[in-house]
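# Results of the structural survey
Read off the chains here:
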Amino acid sequence: MTDSKYFTTTKKGEIFELKAELNSDKKEKKKEAVKKVIASMTVGKDVSALFPDVVNCMQTDNLELKKLVYLYLMNYAKSQPDMAIMAVNTFVKDCEDPNPLIRALAVRTMGCIRVDKITEYLCEPLRKCLKDEDPYVRKTAAVCVAKLHDINAQLVEDQGFLDTLKDLISDSNPMVVANAVAALSEIAESHPSSNLLDLNPQSINKLLTALNECTEWGQIFILDCLANYTPKDDREAQSICERVTPRLSHANSAVVLSAVKVLMKFMEMLSKDLDYYGTLLKKLAPPLVTLLSAEPELQYVALRNINLIVQKRPEILKHEMKVFFVKYNDPIYVKLEKLDIMIRLASQANIAQVLAELKEYATEVDVDFVRKAVRAIGRCAIKVEQSAERCVSTLLDLIQTKVNYVVQEAIVVIKDIFRKYPNKYESVIATLCENLDSLDEPEARAAMIWIVGEYAERIDNADELLESFLEGFHDESTQVQLQLLTAIVKLFLKKPTETQELVQQVLSLATQDSDNPDLRDRGYIYWRLLSTDPVAAKEVVLAEKPLISEETDLIEPTLLDELICYIGTLASVYHKPPSAFVEGGRGVVHKTLPPRTASNESTESPETAPAGAPPGEQPDVIPAQGDLLGDLLNLDLGPPVSGPPLATSSVQMGAVDLLGGGLDSLIGGTNFVAPPTAAVPANLGAPIGSGLSDLFDLTSGVGTLSGSYVAPKAVWLPAMKAKGLEISGTFTRQVGSISMDLQLTNKALQVMTDFAIQFNRNSFGLAPAAPLQVHAPLSPNQTVEISLPLSTVGSVMKMEPLNNLQVAVKNNIDVFYFSTLYPLHILFVEDGKMDRQMFLATWKDIPNENEAQFQIRDCPLNAEAVSSKLQSSNIFTVARRNVEGQDMLYQSLKLTNGIWVLAELRIQPGNPSCTDLELSLKCRAPEVSQHVYQAYETILKN
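These numbers come from a predicted model, not from an experiment.

### Quick look at the sheet that holds strand 9 (residues 851–856)
Overall, antiparallel pairing links the five strands, which are arranged 9-13-12-11-10 in an open sheet. Two strands close off the open sheet at either side, each with one partner strand: strand 9 and strand 10 (876–883). Looking at each pair of strands side by side, their axes are set apart by 20° on average, direction ignored. Inspection of the sheet shows strand 12 (residues 900–907) paired to strand 13 (residues 917–923) by six bridges, in the antiparallel sense. Bridge pairing links L905 to L919 in strand 13. The sheet contacts of helix 36 (residues 863–871) involve strand 10, strand 11 (886–894), strand 12 and strand 13, and relative to strand 11 the element is tilted by about 5°.

The following block contains the structure:
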């Protein structure tokens, strides 16, 4: 008879009866009673009142009964901690039972009882079980350490269990090794800083030996552990790959993906010229193809991982295109994923095959799939230039079918084809215009409007077409409204005399009748451009557009490298790093692929220097988002300045109505009606006016062009930390003004716009004196140089170190933080020369304890050269004399905040054996002395 009978009884007074049965002398009756108790517990009844009676049943040799009692104990120990202590003696006794199954059962249950009072009693039995002669007990005890660490980490460390766990990695039994690795990995995840899994070639060798003999889940633990190891050179990487490769033929897909992860990671270190590299590529394809014959859910996971692999190394699967052809009975999520991979693998060799397949898909019944197939044809045209013509004719055939959603998707992709191949396929515009009325989706309408605006000069009735869209302007989506506004302005600049009313109408709709701030701002910018400088307007609006890149949906390289390290996990399915979806910091470790090395090079350990940062450069002070820069919404961005700076003739700002009739030159004297001034936001005019006085009043600088020393640019913000934006820079001082010279590089795959910058409060009140102006969107792989003027009138707060500057840079992607150290000599002002009497009085007046002594080593310059070099950086020589064959220079400098620093510099002329200079500094703020000395050293040695 089955155990289901225990779940059917609903008698009253059951607890009382069970109590009596539990205390029965008959073993069978006891067992029946415990089964009934477990059944009641399972269906949610409270049987905690029977705790003492059930615990009494622990003293038995019957393994089945013991398991049931332990199950009950795990469930109720938390709610009855005082009672649970009664069971401790039995645990201790069971841990010494001759039967290894009972010893293992006891240690497993101990790990599951999450009661602080009991844990300290469990240390001794656990210690014995970790050294037990039976491997089954040892492997169970290893997992128990991880559970105990979760309850009380300090206790585990104090008792030395972690060292015992590390010793188990060298155990003779592969299952014990696997469980020890699993336990250490689990503990290391919750404490990323602790170096628990201290892997070295010897321990790696033991893991690889155990790999062949343990269960499939044990193999996964070991492979995941291997993936976190960085081999010391390519030979070791190859040796590990050779021993991991047999796992690719395992029946369990999780083992296969874990092996693929290890191989993908270590392939980074192998030279592409090696024969073994080619062999490995060939070996990786069959297991990935085999995964696609599993059930749909597994196929989907495999496809998401293959998508990453194909982006990193397309050569692995370049000959396997047919496997990704869609089957009629594939679920939609598998179909869409296969389609994506087909496009990634498309090349000149297989494009004919792919296009024939895609054309077939475009006639399917599943709307989502058809849309994606049509888009895929467009993506193939952009990716494989030789196929573009064939793709365009395929798209035209599809447009002729007049199926609404097919037509709309085709128009969207044809727009992209025009962007990739200008002046090549514009003959199809007439066909597109025929389908104008059937477009009802925002993206398709926006694409069609873009085509009409961009090629207005080729379309006779372009104004009528755009006017037809204008009738329902307020009912359109924002995307369409913005596109329509730009298209009509383009049309106006191409055919000014015919479309004046149309542009007037759209500008007034966008600025006066719209609630959307984006639309309003764009309307005002166009209006202002058209009314002040039509030539600039033409250069901005009709500027030549960069060609679009081949594949815009590729994952950014730094993120892709990180995701490759997470193959076979949830991160590889979401295509997001774990930090994006795992709540809290636990278990989230940032991983990257190992650097390429040659056999004779040794890789630097990750601790020694962060990638991309020169040693000894900026301190890694990345402040918390909450406390750094107040509210980032307060960034004072000012309007973006598009196009060239305004011509000098239009500088008398008082005389020009910014939004008024400056268009006569463009349209031959007709009056262009300005919008009512009330509609202009109050702050819109300010930045343009205020910036111009600085722009043209070049005489306000003090003195002549100063040759102050400028340090070479250093990387301040690596692309890996800023989603593809790399910032390098340096500081300069010229003609009395300080600048931050920046170099922005876009290493991401998307365009970057809307840049802004803000500084945290700092020791000398440095702050941007103007908005960060990036005149055009920053395209992928583009670099732009910008000089940002700085003022010293910002908020002041003493920093540690004194010259630390914390910066926030915002763009359309995110806000990024970095910190850098500025050289103090950029703060030395031009009027820092004291007269002699003043120098003498001040030197005596500053207390002696404020004097600091420094040595500048290896500086073989004479007094004239030193004086001249320092003067170019605003350190002025007040007097010079010779004492006992030594040249003494007395110098003064003044910082922007008014602090004076006095210096005595001792030089031994004509003595080649002694090239060290002695520097004494006196200042009322002695904390600046160290930084002034660094400035001296930097200037004199460069």
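After that view, the rundown keeps rolling.
### A word on the packing of helix 11 (residues 161–168) against helix 12 (residues 174–190)
What describes two packed helices is the angle between their axes and the distance between those same axes. Contact geometry of helix 11 with helix 12 gives a least axis separation of 8 Å together with a crossing angle of 140°. In terms of orientation, helix 11 lies oblique with respect to helix 12. For helix 11 against helix 12, the interelement crossing comes out left-handed. On helix 12, the residues touching L162, L165, K166 and L168 of helix 11 are V176, V177, A180, A183, L184 and I187.

### Details of the packing of helix 21 (residues 367–383) against helix 23 (residues 404–420)
Contact geometry of helix 21 with helix 23 gives a least axis separation of 9 Å together with a crossing angle of 20°. Judged by the angle between their axes, helix 21 and helix 23 are roughly parallel. Relative to helix 23, the crossing made by helix 21 is right-handed. Contact with helix 21, carried on its side by V367, V370, R371, V374, R375, G378, A381 and I382, involves Y405, V406, E409, A410, V412, V413, D416, I417 and K420 of helix 23 and no other residues of that element.

### Regarding the sheet that holds strand 3 (residues 737–746)
Taking strand neighbours across the sheet as the criterion, the five strands line up as 1-2-3-6-5 in an open arrangement whose pairing is antiparallel. Of all the strands in the sheet, just strand 1 (714–717) and strand 5 (767–768) have a single pairing partner and so form its edges. As paired strands, strand 3 and strand 6 (residues 783–791) are joined by eight bridges and run antiparallel to one another. Among the inter-strand pairings, S739 is bridged to a residue of strand 6, identified as P789.

### Some details on a negative patch on the surface
Taken together, the side chains of E464, E467, E471 and E501 define an acidic patch exposed on the protein surface. Overall, E467 belongs to the partly exposed group, its relative accessible area being 39%.

### Digging into the pattern of salt bridges
Tallied over the full model, the rule gives 36 salt bridges. Here R906 ties to E904 by a salt bridge, and the two come within 3.7 Å at their closest N and O atoms. Judged by relative accessible area, R906 falls into the partly exposed class, the value being 29%.

### Section: the packing of aromatic side chains
A complete count under the given rule lists 13 aromatic pairs for this structure. When the ring of Y574 is compared with that of F581, the centres are 4.8 Å apart and the planes differ by 90°; the resulting orientation is edge-to-face. Between the aromatic rings of F731 and Y822, the centroid separation amounts to 6.1 Å while the plane-to-plane angle is 70°, which identifies the pairing as edge-to-face. Here Y822 lies in the loop between strand 8 (815–821) and helix 35 (836–845) and F731 lies in strand 2 (residues 725–734), a separation of 91 residues in the sequence. On the basis of relative accessibility, which here comes to 0%, the residue Y822 falls in the buried class. Members of the aromatic cluster, joined through ring pairs, are W716, F731, F764, F818 and Y822. One residue, K335, lies across the ring of F369, its end atom 5.2 Å from the ring centre.

### Describing unusual backbone geometry
For the bond from E800 to P801, the omega torsion is -5°, close enough to zero to count as cis. Residue placement: P801 occurs in the loop between strand 6 and strand 7 (804–810). With a phi close to 65°, K402 is a non-glycine residue in the positive phi region. Residue classification places K402 among the partly exposed residues on the basis of a relative accessible area of 48%.

### A few points about the environment of V176
Take V176: it is sitting in helix 12. Since its relative accessible area comes to 0%, V176 is described here as buried. When sequence neighbours within four positions are dropped, the list of residues in contact with V176 reads P135, R138, K139, L168 and D171.

### Describing the pairing of strand 7
Of all seven residues in strand 7, six are buried; the element is thus mostly enclosed. Direction of pairing for strand 4 (residues 756–759) relative to strand 7: antiparallel, over a ladder of four bridges. The residue bridging Q758 from the neighbouring strand is A808, located in strand 7. Note: strand 7 against strand 8, seven bridges, orientation antiparallel. Residue pairing for strand 8: Q806 is matched across the bridge by S819. The antiparallel pairing of strand 7 with strand 8 creates a hairpin that spans four residues between the two strands.

### A look at the environment of A748
Its location among the elements puts A748 in the loop between strand 3 and strand 4. The exposure class assigned to A748 is buried, which follows from its relative accessible area of 5%. With 26 residues separating them along the chain, A748 and A722 place their C-alpha atoms 9.5 Å apart.

### What to know about the side chain of E454
Relative to the helices and strands, E454 is located in helix 25 (residues 442–454). Residue E454 is classed as buried on the basis of its relative accessible area, which comes to 17%. Setting aside residues up to four positions removed in sequence, E454 forms contacts with K490, K494 and K545.

### A short note on the state of the cysteines
Within the structure shown, the criterion is met by zero disulfides. Unpaired in this structure, C112 has its nearest cysteine sulfur neighbour in C144, at a distance of 7.7 Å. Assessed through its relative accessible area of 25%, C112 is described here as partly exposed.

### Overview of the environment of M41
The topology assignment puts M41 in helix 2 (residues 27–42). Assessed through its relative accessible area of 14%, M41 is described here as buried. Sequence separation between M41 and Y72 is 31 residues, and the spatial gap between their C-alpha atoms is 8.0 Å. Those residues in contact with M41 that sit more than four places away from it in its chain are V47, L71, Y72, N75 and Y76.

### A look at the pairing of strand 6
Where strand 5 and strand 6 come together, two bridges link them in antiparallel fashion. Within strand 6, the residue paired with A767 across the bridge is S791.

### A word on the side chain of D916
Here D916 is to be found in the loop between strand 12 and strand 13. There is a polar contact of 2.9 Å between the side chain of D916 and the side chain of R857. Side-chain polar atoms of D916 contact the backbone nitrogen of D858, separated by 3.1 Å. When residues no more than four places from it in sequence are discounted, the contact partners of D916 are Q855, I856, R857, D858 and R906.

Here is what the cut-offs are and how they apply
What you see as residue numbers is a count from 1 along each chain, following the sequence as written. Local features in a predicted model are, by the rule used here, given only for residues with pLDDT of at least 70; side-chain atom pairs are given and counted only at 80 or more, and totals for whole chains, interfaces and linings are based on all residues. Excluded from the side-chain calculation are hydrogens and water; included are all heavy atoms of the structure. Strands qualify as paired when DSSP identifies two bridges or more between them. Runs of H or I in DSSP of at least four residues are treated as helices and runs of E of at least two as strands, each being numbered from the N terminus. Throughout, an axis means a line fitted to C-alpha atoms (over the contacting stretch in the case of helices), and angles, computed between N-to-C directions, take values from 0 to 180 degrees. Every residue pair with non-hydrogen atoms within 4.5 Å of one another is taken to be in contact. Should an angle fall under 35 degrees it is called roughly parallel, over 145 degrees roughly antiparallel, and 65 to 115 degrees roughly perpendicular, with every other angle called oblique. Left-handed is the label given to a crossing in which the near helix is rotated counterclockwise from the far helix by less than a right angle, and right-handed is the label when the rotation is clockwise. Put simply, a patch holds well-exposed residues, over 30% relative accessible area, that have no salt bridge, with like charges counted together within 9 Å and Val, Leu, Ile, Met, Phe, Trp or Tyr side chains within 5 Å. To measure how exposed things are, a 1.4 Å probe is used in the Shrake-Rupley method; for residues, cover is taken only from the protein chains shown. Here a salt bridge means any side-chain nitrogen of Lys or Arg lying within 4 Å of a carboxyl oxygen belonging to Asp or Glu. Charge assignment in this entry is limited to Lys and Arg as positive and Asp and Glu as negative, and neither His nor the chain termini are counted. Think of each charge as sitting on NZ of Lys, CZ of Arg, CG of Asp or CD of Glu. Throughout, exposure labels follow a simple rule: accessible area from a 1.4 Å probe, protein chains only, divided by the maximum for the residue type, with under 20% read as buried, over 50% as exposed, and the rest as partly exposed. Each pair of aromatic rings taken from Phe, Tyr and Trp, with Trp reduced to its six-membered ring, is defined by centres within 6.5 Å and is described as stacked if the planes are under 30 degrees apart, edge-to-face if over 60, and tilted in the remaining cases. Only when the NZ of Lys or the CZ of Arg is both within 6 Å of the ring centre and within 35 degrees of the ring normal is a charge said to sit over the ring. Working definition: a disulfide is two cysteine sulfur atoms within 2.5 Å of each other. In protein, a polar contact requires one atom able to donate a hydrogen and another able to accept it; more generally it is a pair of N or O atoms within 3.5 Å, and residues adjacent in sequence count only if both atoms are side-chain atoms.

Nothing here speaks to function; it is geometry throughout.
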